[in-house]
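One letter stands for each residue in the lines below.
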Amino acid sequence: MSGTDRIRKELKRRRGDLAAELSRLTEPPAEGASVGFGKRVGDGTTEAVERLATTATARSIASSLRDIDRAIAKLDDGSYGSCDACGTEIAAPRLAALPATSLCIECASAQSVSN
Ligand SMILES: [Zn+2]
């Protein structure tokens, strides 16, 4: 098995985990799951905070899924390992640590600043 096959397999495995996690987070709460435990009417603050945290988590998972899809597409078209923004080869240690990345470290840090 070649190196890219191994990466592809790993990315697909991770993609499956994230997709399962995302659907778990975004599915509506089970009927009656949050009632009981002396919950008062109007005591929605904790719930709202939890919902916000869930939304943030779901958003970050969705963004990881996009990265993984992009990395798999790059494996398919043979551009895996080169930066989407500037075309530079992405450093091997960075790819090893973040196999789903499609940006070199310079472009990634430039992007996170502008976000
Ligand atoms: Zn770059």
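See the structure above.
Summarised in this report is the structure supplied together with it. (Residues numbered from 1 in each chain as written. Predicted model: local features only at pLDDT ≥ 70, side-chain atom pairs only at ≥ 80, totals over all residues. Heavy atoms only, no water.)

## Some details on the coordination of the zinc ion
Thinking step 1. For the zinc ion, the full set of protein donor atoms is Cys83 (SG), Cys86 (SG), Cys104 (SG) and Cys107 (SG), and the range of their distances to it is 2.2 to 2.4 Å.
Thinking step 2. When the donors of the zinc ion are listed by position in the chain, the intervening gaps give C-x2-C-x17-C-x2-C.
Thinking step 3. The exposure class of cysteine 86 is partly exposed, given its relative accessible area of 44%. (Donors = N, O, S within 2.8 Å, 3.2 Å for Na, K, Ca; no water. Buried < 20%, exposed > 50% of the residue type's maximum accessible area, 1.4 Å probe, protein only.)

## Thoughts on the side chain of lysine 74
Thinking step 1. Take lysine 74: it is sitting in helix α2 (residues 45-77).
Thinking step 2. Of the residues examined, lysine 74 reaches a relative accessible area of 1% and is grouped as buried.
Thinking step 3. A distance of 2.8 Å separates a polar atom in the side chain of lysine 74 from the backbone oxygen of serine 82.
Thinking step 4. Excluding anything up to four places from it in sequence, lysine 74 contacts Ser79, Tyr80, Ser82, Asp84 and Ser102. (Helix = DSSP H or I, 4+ residues; strand = E, 2+ residues; numbered from the N terminus. Polar contact = N/O pair within 3.5 Å; in protein donor to acceptor, adjacent residues only side chain to side chain. Contact = heavy atoms within 4.5 Å.)

## Points about helix α1 (residues 3-26)
Think of an α-helix as 3.6 residues a turn; residues three or four steps apart then line up on the same face.
Thinking step 1. Here α1 spans 34 Å end to end across 24 residues, near enough to the 34 Å set by a 1.5 Å rise per residue.
Thinking step 2. Listed as buried for α1 are Ile7, Leu11, Leu18, Leu22 and Leu25. (Expected span 1.5 Å × (residues − 1).)

## Looking at the pattern of salt bridges
Thinking step 1. Applying the stated rule across the entire model yields 9 salt bridges.
Thinking step 2. Among the salt bridges present, the one from aspartate 84 reaches arginine 70, with a minimum N-O distance of 2.6 Å. Here aspartate 84, found in the loop between α2 and α3 (92-97), pairs with arginine 70, found in helix α2; they are 14 residues apart in sequence, far enough to count as distant.
Thinking step 3. Among the residues examined, arginine 70 registers a relative accessible area of 31% and is labelled partly exposed.
Thinking step 4. Taken together, the shared-partner salt bridges connect Glu10, Arg13, Arg14 and Asp17 into one network. (Salt bridge = Lys/Arg side-chain N within 4 Å of Asp/Glu carboxyl O.)

## Concerning the packing of α1 against α2
Thinking step 1. Direction vectors running N to C along α1 and α2 enclose 155 degrees, while the axes themselves pass 9 Å from each other. Comparing the axis directions of α1 and α2 gives the class roughly antiparallel. The interaxial crossing formed by α1 with α2 has left-handed handedness.
Thinking step 2. Each residue belonging to the contact of α1 with α2 can be placed in one class, and the counts come to 14 nonpolar, 5 polar and 7 charged. (Axes fitted to C-alpha atoms, helices over the stretch in contact; angles between N-to-C directions. Parallel < 35°, antiparallel > 145°, perpendicular 65-115°, else oblique. Left-handed = near helix turned anticlockwise from the far one by under 90°. Nonpolar A, V, L, I, M, F, W, Y, C, P; charged D, E, K, R; others polar.)

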